[in-house]
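# Observations on chain architecture
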Amino acid sequence: MDAARELRELRRIERWLTVNDPELAAALSAHGAEPRTANGRWTRLAVDVLGAVCVIIGALTGLFMFVFVGVLVLMTGACLHATCLRRHRRRPMV
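Below or above, wherever it landed, is the structure these notes cover. Remember, it's a predicted structure, so these values are computed and weren't measured experimentally. (Residues numbered from 1 in each chain as written. Predicted model: local features only at pLDDT ≥ 70, side-chain atom pairs only at ≥ 80, totals over all residues. Heavy atoms only, no water.)

### A few points about the overall build of the protein
The helix and strand tally for the protein stands at four helices and zero strands. Reading the helices (α) and strands (β) of the protein from amino to carboxyl end gives α-α-α-α. Per-residue burial for the protein yields a buried fraction of 14% across its 94 residues. (Helix = DSSP H or I, 4+ residues; strand = E, 2+ residues; numbered from the N terminus. Buried < 20%, exposed > 50% of the residue type's maximum accessible area, 1.4 Å probe, protein only.)

### Some thoughts on a nonpolar patch on the surface
Taken together, the side chains of W42, L45, V49, V53, I57, L63 and F66 present a nonpolar region at the surface, about 660 Å² in accessible area. For the nonpolar patch, the element with the most residues is helix α3 (residues 41-61), which contributes five residues. Relative to the helices and strands, V49 is located in helix α3. You can call V49 partly exposed: its relative accessible area is 46%. (Patch = residues over 30% accessible without salt bridge, like charges linked within 9 Å, V, L, I, M, F, W, Y side chains within 5 Å. Areas by Shrake-Rupley, 256 points an atom, 1.4 Å probe, with all protein chains shown as cover. Salt bridge = Lys/Arg side-chain N within 4 Å of Asp/Glu carboxyl O.)

### Digging into the packing of α3 against helix α4 (residues 64-82)
The geometry of α3 relative to α4 is characterised by a closest axis approach of 7 Å and an angle of 160° between their N-to-C directions. Regarding the angle of α3 to α4, the classification is roughly antiparallel. Read as a crossing pair, α3 and α4 show a hand that is left-handed. Residues R44, V47, D48, L50, G51, A52, C54, V55, I57, G58 and A59 of α3 pack against F66, V67, G70, V71, V73, L74, T76, G77, L80 and H81 of α4. Its residues placed into classes, the contact of α3 with α4 shows 13 nonpolar, six polar and two charged. (Axes fitted to C-alpha atoms, helices over the stretch in contact; angles between N-to-C directions. Parallel < 35°, antiparallel > 145°, perpendicular 65-115°, else oblique. Left-handed = near helix turned anticlockwise from the far one by under 90°. Contact = heavy atoms within 4.5 Å. Nonpolar A, V, L, I, M, F, W, Y, C, P; charged D, E, K, R; others polar.)

### Some details on α4
With 19 residues, α4 should reach 27 Å at 1.5 Å per residue; the first-to-last C-alpha distance of 27 Å fits that figure. Contacts from the buried residues of α4 go to α3. (Expected span 1.5 Å × (residues − 1).)

### Let's talk about α3
Because an α-helix packs 3.6 residues into every turn, residues spaced three or four apart end up facing the same way. Between its first and last C-alpha atoms α3 spans 30 Å; for 21 residues at 1.5 Å apiece the expected length is 30 Å, and the two agree. R44, V47, G51, C54 and G58 are the residues of α3 that are buried. All buried residues of α3 fall inside an arc of 95° around its axis, so they share one side. Facing away from the buried side of α3 by more than 90 degrees, the exposed set consists of R41, W42, I56 and L60. Where the residues of α3 are buried, they touch α4. Once α3 finishes, G62 follows within two positions and takes phi at roughly 80°, a positive value. (Arc of directions from axis to C-beta.)

### Thoughts on the pattern of salt bridges
According to the stated counting rule, one finds one salt bridge in the structure shown. Of the charged contacts in the structure, one is a salt bridge between R12 and E9, with a shortest N-O distance of 2.5 Å. Pair noted here: R12 and E9 are both in helix α1 (residues 3-20), with a separation of three residues, about one helical turn.

Okay, here's the thing in structure tokens:
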């Protein structure tokens, strides 16, 4: 597809969306709107707690499967923390 055809198609989709769902069209066209993510503080905390509980239960009962699942959940939590959009940036040292 060429660029002009793509622009025409996008404008047609925008017009259709404006007619059929004006609230969604307004939300999508709002400048400065922050995208919502599933990587919130409470989600990360819940994943961390679940992973730790699984590891502890597995260690206490001797069930390797709980330890394995707990480690996987903790690794998922680490990925969530690493990809968090609201990471604190270090101040430059003077």
